[in-house]
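# Structural overview for review
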Amino acid sequence: MQLDDLYRRVIMDHYKNPRNHGKFENDAVTIDLNNPTCGDRISLQLKVEDGVVKDAKYTGEGCSISMSSASMMTEAVKGKTLEEAVMLASKFSCLMKGEDVEFEDYEDIEALSGVNKFPARIKCATLAWNALRKGIEDTEQKD
Ligand code: FES
């Protein structure tokens, strides 16, 4: 199987079988963001304790790229310290610039590497990650 096909399958799997989709019943940091160019949106919730992202969930509406990226991001960020989560988001930005980065802890993210060839889709892929950055900033400001 070609790498592009494999990547497409991984993306569609996250889109059709989203990980961490839903909402927490009690307190969590909530970040609502939308993609102004298409109106798609994400509501990300993070549970942070002692500087560690214990859990993450999201809801939203969007294209397969934006929603699969949210699914992957929430999987990858669980158990990470806030510092590690920021590093993960920076790594994702590098991936979107076409840099050759590896996500050893959660390889599915690498399936989005092809997005950098389609500038209009980069905003789709980064929506969830921007929400993550904002959530970390909000958490740090609260402390
Ligand atoms: Fe709207 Fe992708 S087309 S987020």
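So, here is what we can say about the structure in this document. (Residues numbered from 1 in each chain as written. Predicted model: local features only at pLDDT ≥ 70, side-chain atom pairs only at ≥ 80, totals over all residues. Heavy atoms only, no water.)

### Things to note about the overall build of the chain
For clarity, the cut-off: In DSSP terms, a helix is any run of H or I states spanning at least four residues, a strand is any run of E spanning at least two, and both are numbered starting from the N terminus. This radius of gyration counts C-alpha atoms alone. The globule rule is 2.2 Å times how many residues there are, raised to the power 0.38. Only protein chains enter the accessibility calculation, which uses a 1.4 Å probe; a residue is then buried when its area is under 20% of its type maximum, exposed when over 50%, and partly exposed in between. In what follows, a contact means two residues having at least one pair of non-hydrogen atoms within 4.5 Å. Accessibility throughout is a Shrake-Rupley quantity obtained with a 1.4 Å probe, and a residue counts as covered only by protein chains that appear here. Neither His nor the chain termini are counted; the positive set is Lys and Arg, and the negative set is Asp and Glu. The atoms used to mark charge sites are NZ of Lys, CZ of Arg, CG of Asp and CD of Glu.
Each helix and strand counted, the chain has 4 helices and 3 strands in total. Going from N to C terminus, the chain has its helices and strands arranged as α-β-β-β-α-α-α. Over its C-alpha trace the chain gives a radius of gyration of 14 Å, about what one expects of a compact globule, namely 15 Å for 143 residues. Its C-alpha atoms give the chain principal-axis dimensions of about 45 × 30 × 25 Å. The buried share of the chain, taken over its 143 residues, is 44%. Contacts in the chain between residues far apart in sequence, at least 24 positions, make up 59% of those at least 6 positions apart. With an accessible surface of roughly 7,800 Å², the chain has 46% of that area assigned to carbon and sulfur atoms. With 19 positive and 26 negative side-chain charges, the chain shows a separation of 5 Å between the mean positions of the two kinds.

### Observations concerning the sheet that holds strand β1 (residues 29-34)
The condition that has to hold: If DSSP finds at least two bridges between two strands, the strands pair. Fitting a line to C-alpha atoms yields each axis, with helices limited to the stretch in contact; the angle taken between N-to-C directions then spans 0 to 180 degrees.
Taken in spatial order, the 3 strands line up as β1-β2-β3 in an open sheet, and their pairing is antiparallel. One side of each edge strand has no neighbouring strand; the edge strands of this open sheet are β1 and β3 (52-61). Averaged over all pairs of adjacent strands, the angle between their axes in this sheet comes to 20°, without regard to strand direction. Sheet analysis places β1 next to strand β2 (residues 41-49), joined by 6 bridges and oriented antiparallel. Bridge pairing in β2 places Asn 34 opposite Arg 41.

### With respect to the packing of aromatic side chains
In plain terms, the rule: A pair of aromatic rings is counted whenever rings of Phe, Tyr or Trp (Trp by its six-membered ring) have centres within 6.5 Å, and the orientation is called stacked for planes under 30 degrees apart, edge-to-face for over 60 and tilted otherwise. In our convention, an over-ring charge means Lys NZ or Arg CZ found within 6 Å of a ring centre and within 35 degrees of that ring's normal.
Tallying each qualifying case throughout the model produces 1 aromatic pair. Centre to centre, the rings of Phe 92 and Trp 129 are 4.5 Å apart; their planes meet at 10°, and the pair counts as stacked. Remark: Trp 129 occurs in helix α4 (residues 119-142) and Phe 92 occurs in helix α3 (residues 82-96); sequence separation between them is 37 residues. Trp 129 shares its class with Phe 92; the two are buried. Lying across the ring of Phe 24, Lys 47 places its NZ or CZ 5.1 Å from the centre. Its guanidinium or amino end placed over the ring of Phe 103, Lys 91 lies 5.1 Å from that ring's centre, counting from NZ or CZ.

### Things to note about the environment of Val 101
Mapped onto the elements of the fold, Val 101 is located in the loop between α3 and α4. Spatially, the C-alpha atom of Val 101 lies 7.0 Å from that of Lys 91, the residues being 10 residues apart in sequence.

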